[in-house]
Amino acid sequence: MIDRLDALIKKNIDKVIAIRRDIHEYPELGMEEFRTSAKVAEELEKLGIETQKNIGGTGVVGLIKGRASGKTILLRADMDALPIDELTDLEYKSKVPGKMHACGHDVHTSILLGTAMVLSELRDEIKGNIKLVFQPAEECNPTGGARYMIEDGVLENPKVDAALALHVWDLPLGQVALKSGPIMAQSDRIFITIKGKSSHGAQPHEGIDAIIAAAHVITALQTIVSRKIDPMDSAVVSIGKINGGSRYNVIADTVSMEGTVRLFDAKVATVIPDMIKEIVANVCNAFGCEHEFQYVNGYPLTINDDVLTEEVKNSFIKVLGEDNVITAQRPASGGEDFSEFAKYVPSVFYWLGIRTDINKDKCVIHNPNFVVDEKAIPIGIKTMCAAALDCLNNED
Ligand code: ZN
């Protein structure tokens, strides 16, 4: 089967690279992926794949039905770009000022189209279905496209049994990395307003100092990570913005603050929001201040299923060799909208290496100089195909 995959990838790769470059030239932001999704749908239809458009906004879904009935695996790619001015000197650099595929979603989309090209030729050997999901607005945390696609029924008809997605990553070309359990962080935001009472700076006893209360809130928040979380676990609670007071000799009546919370562990994620809320309320109360508190959930943790991760890892080892399949030691600190699918079905998210001599200082995503070595594209297709075929055909 590996030889057949290689042959089919070779047959289609020039077309896939051309599609990738075209999408790269015309980046579109979240929920505005009109041109990109039209192109995706056109390519799927050319392959004779049953295609649905406008799922969850600009999302596209293709369904490859195998020879025999069986399970359904969902393969996901994201399609949106970022509001960044591209600074590379690639011949196919962005033609749209202020927009760039700086997170490699053009590569993800073309890898999934390449996967569709290969798997549609292997239909007769597939037991079950392959659902190809091209999602909008991955970059729009906390209102990414995955949730809207799920609301539009992407996990049903046929019901999805497993899901798989990849992200290009600063790893050597030829390698993939993954881990079971959390692989991408949960990234939340907090908003705090502390209200005291103004008075002359020389008569502080006449007022209620919101700045003093804020200082204690900030200090006390630091004890969540240092004193309340198991030292073997980790989390981030950072206040990044603070605003308050009006004049050097006036006791401030209001302070507003904003911060970020990063969570890497399901157990910690369930307790931290309440810990923050409690500290803010109780410290403000101790100082006689009123307060407002808002905790805004971003994408949840992306959690890889233990059993499926092992299966997928074995498929990768078959096509890439053991040395090229890395077990990641810890999750990455960014959030990922694929987490939404992973909440409902056993899922695996993995990282695809893109680093070679041509881009070794330019592999960091969300960067105007970001460059992907396109030799990663056939590796992405091969790993997707191998994992999907094994997942469906190895069933009893
Ligand atoms: Zn991304």
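In this convention, every chain numbers its residues from 1, walking through the sequence in written order. Restriction of local features to residues with pLDDT of at least 70 applies here, the model being predicted, together with a cutoff of 80 or more for giving and counting side-chain atom pairs; totals for whole chains, interfaces and linings are based on all residues. Values reported for side chains reflect all heavy atoms of the structure, with hydrogen atoms and water molecules removed beforehand.

### So, the pairing of strand β3 (residues 68-78)
Keep this limit in mind: Two strands qualify as a pair provided DSSP detects at least 2 bridges between them. Per the convention used, a helix needs a DSSP run of H or I reaching at least four residues, while a strand needs a run of E reaching at least two, with both numbered from the N terminus.
With eight bridges joining them, β3 and strand β4 (residues 127-135) adopt parallel strand pairing. The residue of β4 that forms the bridge with L75 is L132. As paired elements, β3 and strand β5 (residues 162-172) share four bridges and run parallel to each other. Residue pairing in the sheet places I73 in a bridge with A162 of β5.

### As for the nonpolar core
This is how it is decided: Throughout, nonpolar core names a set of buried Ala, Val, Leu, Ile, Met, Phe, Trp, Tyr and Cys residues whose side chains join them through atoms within 4.5 Å. Think of it in three bands: with a 1.4 Å probe and only protein chains considered, a residue is buried below 20% of the maximum accessible area for its type, exposed above 50%, and partly exposed in between. Should any heavy atoms of two residues lie within 4.5 Å, those residues are considered in contact.
Judged by nonpolar contacts, the single largest core of 67 residues is most densely connected at L44, L75, L119, I130, L132, F134 and I381. With 12 residues, helix α9 (residues 376-393) is the single largest residue contributor to this core. Those residues in contact with L132, other than ones at most four positions away along the chain, are L44, I49, V60, V61, G62, I64, L75, L112 and A116. Counting residues in hydrophobic clusters, the runner-up holds 28 residues, among them I194, A235, M275 and Y295.

### A look at the coordination of the zinc ion
For the record, the criterion: Nitrogen, oxygen and sulfur within 2.8 Å of a metal are treated as its donors, or within 3.2 Å for sodium, potassium and calcium (Na, K, Ca); water is not counted, so a site can appear incomplete.
Taken together, C103 (SG), H105 (NE2) and H167 (NE2) make up the full set of protein donors to the zinc ion, lying 2.2 Å away. Donor residues binding the zinc ion come from one chain and are separated in sequence as C-x1-H-x61-H. Within this pair, whereas H105 is found in helix α3 (residues 105-121), its partner H167 is found in strand β5, the two being separated by 62 residues in sequence. The class for H105 is buried, based on a relative accessible area of 0%.

### Comments concerning the sheet that holds β5
To be explicit about the condition: Whenever a helix is involved, its axis is fitted only over the stretch in contact; in every case the axis is a line through C-alpha atoms, and angles between N-to-C directions fall within 0 to 180 degrees.
As summarised here, the arrangement of the eight strands in space is β1-β2-β4-β3-β5-β16-β6-β15, forming an open sheet in which the pairing is mixed. The outermost strands of the open sheet, each flanked by one partner alone, are β1 (50-55) and β15 (325-327). Looking at each pair of strands side by side, their axes are set apart by 25° on average, direction ignored. Of the pairings in the sheet, the one linking strand β6 (residues 176-178) to strand β16 (residues 347-355) comprises two bridges and is antiparallel in character. The residue of β16 that forms the bridge with A177 is W351. Sheet strands in contact with α3 are β2 (59-65), β3, β4, β5 and β16, and its direction is about 155° off that of β3.

### Considering the side chain of Q135
Keep this limit in mind: We call two N or O atoms a polar contact when they sit within 3.5 Å, provided that within protein one can donate a hydrogen and the other can accept it, with sequence-adjacent residues counted only if both atoms are side-chain atoms.
Note that Q135 resides in strand β4. Within the structure, Q135 has its side chain in polar contact with the side chain of D337 (distance 2.9 Å). Once residues lying within four places of it in the same chain are set aside, the contact partners of Q135 are R76, A77, D78, M79, G145, A146, M149, D337 and F341.

### Things to note about the state of the cysteines
Where we set the bar: When two cysteine sulfur atoms lie within 2.5 Å, the pair is treated as a disulfide.
Following the criterion strictly, the structure yields zero disulfides and no others. With no disulfide of its own, C289 lies closest to C284 among cysteine sulfurs, the gap being 5.7 Å. On the basis of relative accessible area, C289 is assigned to the buried category, the value being 7%.

### Some words on the domain arrangement of the chain
To be explicit about the condition: Reported domain spans reflect what an automatic or database domain assignment gives. Two parts placed together each lose some accessible area; with a 1.4 Å probe, that loss summed over both constitutes the buried area. Between Lys or Arg on one side and Asp or Glu on the other, a salt bridge is scored when a side-chain nitrogen of the former is within 4 Å of a carboxyl oxygen of the latter.
Split into domains, the chain comes out as domain 1 (2-185 + 301-393) and domain 2 (186-299). Inter-centroid distance (C-alpha atoms) of domain 1 to domain 2 is 39 Å. Contacts between the two partners involve 20 residues from domain 1, matched on the other side by 11 residues from domain 2. The junction of domain 1 with domain 2 conceals about 990 Å² of combined surface from both sides, 61% of it contributed by carbon and sulfur atoms. Looking only at domain 1, the three residues that lose the most surface to domain 2 are N141, A185 and L301, adding up to 48% of its buried area. For the interface between domain 1 and domain 2, the tally reads zero salt bridges. Taken together, the links from domain 1 to domain 2 amount to three residue pairs in polar contact (both at pLDDT 80 or more).

### Details of the sheet that holds strand β10 (residues 235-244)
The strands that make up a sheet are held in pairs by hydrogen bonds between backbone atoms, and each pair lies either parallel or antiparallel. Reading across from one edge, β10-β12-β8-β13 is the order of the four strands in this open sheet, with antiparallel pairing throughout. Single-partner strands in this sheet number two, and they are β10 and β13 (290-296). Neighbouring strand axes in the sheet, compared pairwise and without regard to direction, differ in orientation by 15° on average. Alignment of β10 against strand β12 (residues 254-263), held across nine bridges, turns out to be antiparallel. From the neighbouring strand, V237 faces β12, where its bridge partner is V261. On top of the sheet, helix α6 (residues 266-286) reaches β8 (186-195), β10, β12 and β13; it is set at about 165° to β13, its chief contact.

### Regarding the packing of helix α1 (residues 2-25) against helix α2 (residues 34-46)
To be explicit about the condition: With respect to orientation, any angle under 35 degrees is reported as roughly parallel, any angle over 145 as roughly antiparallel, any angle of 65 to 115 as roughly perpendicular, and every other angle as oblique. Two helices crossing with the near one rotated counterclockwise from the far one by less than a right angle form a left-handed crossing, whereas a clockwise rotation gives a right-handed crossing. Each residue gets one label: Ala, Val, Leu, Ile, Met, Phe, Trp, Tyr, Cys and Pro are nonpolar, Asp, Glu, Lys and Arg are charged, and the others, such as Gly, are polar.
Running from N to C, α1 and α2 point in directions that differ by 165°, and their axes come no closer than 10 Å. As summarised for this structure, α1 and α2 are arranged roughly antiparallel, according to the angle between their axes. Every pair of crossing elements has a handedness; the one defined by α1 and α2 is right-handed. Note on element contacts: α2 touches α1 through R35, T36, K39 and E43, opposite I19, D22 and I23. Partitioned by chemical class, the residues of the contact of α1 with α2 number two nonpolar, one polar and four charged.

### Side note on α2
Convention followed: By this rule the span expected of a helix is its residue count minus one, scaled by 1.5 Å. Of all possible arcs, the one meant is that of the directions from the helix axis to the C-beta atoms.
Counted at 1.5 Å a residue, the expected span for α2 with its 13 residues is 18 Å, and the 18 Å between its end C-alpha atoms agrees. Inspection of α2 places T36, S37, V40, A41, E43 and L44 among the buried residues, and these make up the whole buried set. The buried side chains of α2 occupy one side of the element, clustering within an arc of 165° when seen end-on. For α2, exposure combined with an orientation more than 90 degrees from the buried face picks out F34 and K46. Where α2 is buried, its residues contact α1, β1, β2, α3 and β4. One or two steps after α2, the chain reaches G48, where phi turns positive at roughly 75°.

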